[in-house]
Amino acid sequence: MNCEELIRYLSDYIDRELDEELRADAQEHLATCRNCRVVLDTTQQMIFLYRRTGRRAIPAERRGRLFRRLQEAFQGSGTGTTADQAA
Amino acid sequence: MADDAAILQALRAGDASALAALFDAYADRLYRLALGLLRNPDEAEDVVQETFLKALTHLDRFEGRSRLSTWLYRVAYNASIDRLRRQGESALPSDDRETEETGAVPLPQVLVEWRTPEEILIDAEARAALDEAIQALSESLRAVFVLRDIEGLSTAETAQVLGISPGAVKVRLHRARLALRERLALLFAGPPGGQGR
Ligand SMILES: [Zn+2]
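All figures in this text were calculated on a predicted structure; none of them were measured in a lab.

## Quick word on the overall build of chain A
So, point 1. Scanning chain A for helices and strands turns up six helices and zero strands.
So, point 2. Seen in sequence order, chain A has helices and strands lined up from the N terminus as α-α-α-α-α-α.
So, point 3. Scored against the burial criterion, the 87 residues of chain A give a buried share of 39%.
So, point 4. Within chain A, residue pairs in contact and separated by at least 24 positions form 46% of the contacts whose partners lie at least 6 positions apart.
So, point 5. In the form shown here, chain A has an accessible surface area of approximately 5,200 Å², with 45% of it arising from carbon and sulfur atoms.

So this is what it looks like as C-alpha cells:
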C-alpha cells in the first residue's frame, strides 16, 4: 500500500470497516510512513475534539421557551392532559 | 428502542410527562443538527419546534418502521434544507457533486503533529477554529459529519436521515474529515509557537 491508497482508506481504517487483508496492508504502511501516521493521528484527534466540543445543549432560555410552546400545542391538540388539568 | 416505544405509547394516551421525555431525549440532538446546517439559533429553534409538532400530529401514523430517532432527524434535516433552499443556498454545491462521483480526495498537505487535545481544548482561539472549520464545509459534508462523528449515528442511519446511499455517506464523511483536519492542522500544530504561521 502506498500513501495515496492509505489516505483513500483512512476513514474505513478509522471506522474499522476494512477487511483483514487491507487492514494488515494499512498497518504495514503506517509502521514505516511517518506522514501517514501523522495524518491518521491528527484525524482521530480532530474527531475526538469535535465529539468533546460539539455536543452542546440548547441554551436554557431557548430550551424553556421551546418546551412551553410544545406543551401548549400538546394540550391544545386535545390529546394531552396535564397533571393540573387532571386534578 | 423500548424507550421510544414506551414514549410513543404514552404520548398517544395523552400523557404530558411523555412529552418531557421525548423532548429531553431529542431536543438537543435535533437542535445541533439544525444549527449545524442553518448556523442561526432562532431558525434552529424553529426547526426543532416544527419537528416535534410534526411528530405529535403524526403520532397515530408512526408505526415504528424506522427508529424514532432516525425519523425525527430526517424531519429536522428536511425542514432545515427547505429553509436553506428558500434562502437560495444550494443543498449540494456542484464542486461536491463532481468530486463525489469520481471519489477523488485531495491528499493531506500539512503533515505536522498537533498539540494534545487537553492543550487545544483550553485554548479559546482553537475552540473558535473548530466552529469556523465546520461551518466552512459545504452543507452536504457538514450534515454527514455532524450525524456520523458528532451525534454518533451509523452509516445506515445517516443514509436514511439524508435520503442518500450508504456509499455516499462514506464518501462525504471521508471528505469532511480530511477537509477539517487540513483546515485545523496549522493552527493546532504543536508545540505552541513552534509551528505554523
Ligand atoms: Zn504514507
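Resuming the write-up.
## A look at the coordination of the zinc ion
All names here are of chain A.
So, point 1. Within the first shell, the zinc ion binds the protein through C3 (SG), H29 (NE2), C33 (SG) and C36 (SG), at distances of 2.0 to 2.4 Å.
So, point 2. In this structure, the zinc ion is coordinated by four donor atoms arranged in tetrahedral fashion, with angles at the metal of 104 to 113°.
So, point 3. If you list the donors of the zinc ion from N- to C-terminus, the spacing comes out as C-x25-H-x3-C-x2-C.
So, point 4. Given the relative accessible area of 11%, C33 is considered buried.

## Focus: the packing of helix 2 (residues 16-38) of chain B against helix 8 (residues 139-150) of chain B
All names here are of chain B.
So, point 1. Direction vectors running N to C along helix 2 and helix 8 enclose 155°, while the axes themselves pass 9 Å from each other. Taken together, the axis directions place helix 2 and helix 8 in an arrangement best described as roughly antiparallel. Helix 2 and helix 8 meet at a crossing whose hand is right-handed. Seen from helix 2, the contacting residues are L33, G36 and L37; seen from helix 8, they are E139, R142, A143, V146 and L147.
So, point 2. Tallied by class, the residues present in the contact of helix 2 with helix 8 amount to five nonpolar, one polar and two charged.

## Some details on the environment of E151 of chain B
So, point 1. Relative to the elements of secondary structure, E151 of chain B occurs in the loop between helix 8 and helix 9 (155-162).
So, point 2. Counting along the chain gives 118 residues from E151 of chain B to L33 of chain B, while the straight-line C-alpha distance between them is 8.7 Å.
So, point 3. Apart from the residues within four sequence positions on either side, E151 of chain B is in contact with R55 of chain A together with R29, R32, Y73 and V146 of chain B.
So, point 4. Side chain to side chain, E151 of chain B and R32 of chain B meet in a polar contact 2.6 Å long.
So, point 5. A polar atom in the side chain of E151 of chain B sits 3.3 Å from the side chain of Y73 of chain B.

## Some remarks on the confidence of the model for chain B
Residues and elements named next belong to chain B.
So, point 1. Here chain B averages 87 in pLDDT, while 86% of its residues score no lower than 70.
So, point 2. Counting contacts from residues 193-197, a segment whose pLDDT is below 50, to residues more than four positions away or on other chains yields six contacts.
So, point 3. Listed scores for the predicted complex are pTM 0.87 and ipTM 0.86.

## Looking at the domain arrangement of chain B
All names here are of chain B.
So, point 1. By the assigned domains, chain B splits into domain 1 (4-91) and domain 2 (97-189).
So, point 2. Between the C-alpha centres of domain 1 and domain 2 the distance comes to 24 Å.
So, point 3. Domain 1 puts 17 residues into the contact, and the matching count from domain 2 is 14 residues.
So, point 4. When domain 1 packs against domain 2, close to 1,400 Å² is buried across both sides, 51% of that on carbon and sulfur atoms.
So, point 5. It is R39, Y73 and Y77 in domain 1 that bury the most area against domain 2; as a group they hold 32% of the surface buried on that side.
So, point 6. At the boundary of domain 1 and domain 2, one finds two salt bridges.
So, point 7. Note that E151 is salt-bridged to R32, the shortest N-O span being 2.6 Å.
So, point 8. Connecting domain 1 to domain 2 are eight residue pairs in polar contact (both at pLDDT 80 or more).
So, point 9. Put simply, the parts of the chain that give the side of domain 1 that touches domain 2 at least two residues each are helix 2 and helix 4 (68-86).

## What to know about the interface of chain A and chain B
So, point 1. With 44 residues of chain A in contact, the opposing surface of chain B contributes 53 residues.
So, point 2. Taking both sides of the interface into account, the surface hidden between chain A and chain B amounts to around 4,400 Å²; carbon and sulfur atoms contribute 62%.
So, point 3. One salt bridge connects D24 of chain B with R63 of chain A, and the closest N-O pair in it is separated by 3.3 Å.
So, point 4. Seen at the junction of chain A and chain B, the total is 23 residue pairs in polar contact (both at pLDDT 80 or more).
So, point 5. Within the residue set of the side of chain A that touches chain B, elements represented by two or more residues are helix 1 (3-8), helix 2 (10-14), helix 4 (34-54) and helix 5 (60-76) of chain A.
So, point 6. At 16 residues, helix 4 of chain A tops the list of elements feeding residues into the side of chain A that touches chain B.

About the criteria used
- Residues numbered from 1 in each chain as written.
- Chains lettered and ligands numbered in written order.
- Predicted model: local features only at pLDDT ≥ 70, side-chain atom pairs only at ≥ 80, totals over all residues.
- Heavy atoms only, no water.
- Helix = DSSP H or I, 4+ residues; strand = E, 2+ residues; numbered from the N terminus.
- Buried < 20%, exposed > 50% of the residue type's maximum accessible area, 1.4 Å probe, protein only.
- Contact = heavy atoms within 4.5 Å.
- Areas by Shrake-Rupley, 256 points an atom, 1.4 Å probe, with all protein chains shown as cover.
- Donors = N, O, S within 2.8 Å, 3.2 Å for Na, K, Ca; no water.
- Tetrahedral: all angles 85-135°; square planar, octahedral: opposite > 155°, others 65-115°.
- Axes fitted to C-alpha atoms, helices over the stretch in contact; angles between N-to-C directions.
- Parallel < 35°, antiparallel > 145°, perpendicular 65-115°, else oblique.
- Left-handed = near helix turned anticlockwise from the far one by under 90°.
- Nonpolar A, V, L, I, M, F, W, Y, C, P; charged D, E, K, R; others polar.
- Polar contact = N/O pair within 3.5 Å; in protein donor to acceptor, adjacent residues only side chain to side chain.
- pLDDT = per-residue confidence, 0-100.
- Domains from an automatic or database assignment.
- Buried area = accessible area lost by both parts, 1.4 Å probe.
- Salt bridge = Lys/Arg side-chain N within 4 Å of Asp/Glu carboxyl O.

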